[in-house]
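Each chain, letter by letter, is given below.
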Amino acid sequence: MVDLVAADIDELLKLLDGREIDLKQGKVTLKTKDLEKIYYEPGFRDAVLRVISDPNIAYILMMIGLAGLYFELAIRGLFFPGSSERSR
């Protein structure tokens, strides 16, 4: 259910001002009239996490990991020569 529809953040803050909400501690009146807006700029870490958390990219990375495990277990020493049985 939608209580409010606003075109931007400023309009939303105006619409929310003076509304009462119920919390565990009791009713609270919102005071949003003269709030300072702080904008968050995502950094490099957030950009990387956003890319690798995309389901398509995550699936491709998982398939690469599973293929790596398969080839390492099937052909010992293929990627890491020190792990082969011949080095004993």
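The shown structure was predicted, so the numbers you read here are calculated from the model rather than taken from an experiment.

### Focus on the overall build of the protein
Scanning the protein from N- to C-terminus turns up three helices and two strands. Beginning at the N terminus, the succession of helices and strands in the protein can be written as α-β-β-α-α. Classification of the 88 residues of the protein by burial places 5% in the buried group. Considering only contacts within the protein whose residues lie at least 6 apart along the sequence, 8% involve residues at least 24 apart.

### Concerning the side chain of threonine 32
Locating threonine 32 in the fold gives a position in the loop between strand 2 (26-29) and helix 2 (44-52). Within polar-contact distance, the side chain of threonine 32 engages the backbone oxygen of leucine 13 at 2.5 Å. Setting aside its immediate chain neighbours within four residues, threonine 32 contacts Leu13, Leu16 and Asp17.

### A short note on the packing of aromatic side chains
This model, assessed by the stated rule, comprises one aromatic pair. With centroids separated by 5.3 Å and ring planes inclined at 65 degrees, the aromatic side chains of tyrosine 70 and phenylalanine 71 adopt a geometry described as edge-to-face.

### Section: the pattern of salt bridges
Under the counting rule described, the total for this entry stands at two salt bridges. Notably, a salt bridge pairs lysine 37 with aspartate 10, separated by 2.3 Å at the nearest N-O pair. Of this pair, lysine 37 sits in the loop between strand 2 and helix 2 while aspartate 10 sits in helix 1 (residues 9-16), placing them 27 residues apart in sequence. On the accessibility criterion, lysine 37 (34% relative accessible area) is partly exposed. Two residues, lysine 27 and glutamate 20, come together in a salt bridge whose shortest N-O distance is 3.9 Å. With respect to class, lysine 27 is no different from glutamate 20; both count as exposed.

### Let's talk about the pairing of strand 2
In this structure, strand 1 (residues 20-23) lies alongside strand 2, joined through four bridges in antiparallel fashion. Following the sheet pairing, aspartate 22 is matched in strand 2 by lysine 27. Linking two consecutive strands that pair antiparallel, namely strand 1 and strand 2, is a turn of two residues.

### Brief notes about the confidence of the model for the protein
The predicted coordinates ought not to be read in detail in places where the model reports low pLDDT. On average, residues of the protein score 86 in pLDDT, and 86% of them are at 70 or above. Model confidence for the protein, summarised as mean pLDDT per element, is weakest for helix 1 at 90 and strongest for helix 2 at 94.

### Let's talk about the environment of valine 28
Position of valine 28 relative to the elements: it lies in strand 2. Along the chain, valine 28 and glycine 18 lie ten residues apart, while their C-alpha atoms are 9.4 Å from each other. With sequence-adjacent residues up to four places away left out, valine 28 is seen in contact with Arg19, Glu20, Ile21 and Leu23.

Calculation criteria
- Residues numbered from 1 in each chain as written.
- Predicted model: local features only at pLDDT ≥ 70, side-chain atom pairs only at ≥ 80, totals over all residues.
- Heavy atoms only, no water.
- Helix = DSSP H or I, 4+ residues; strand = E, 2+ residues; numbered from the N terminus.
- Buried < 20%, exposed > 50% of the residue type's maximum accessible area, 1.4 Å probe, protein only.
- Contact = heavy atoms within 4.5 Å.
- Polar contact = N/O pair within 3.5 Å; in protein donor to acceptor, adjacent residues only side chain to side chain.
- Phe/Tyr/Trp six-rings, centres within 6.5 Å; stacked < 30°, edge-to-face > 60°.
- Salt bridge = Lys/Arg side-chain N within 4 Å of Asp/Glu carboxyl O.
- Pairing = 2+ DSSP bridges.
- pLDDT = per-residue confidence, 0-100.

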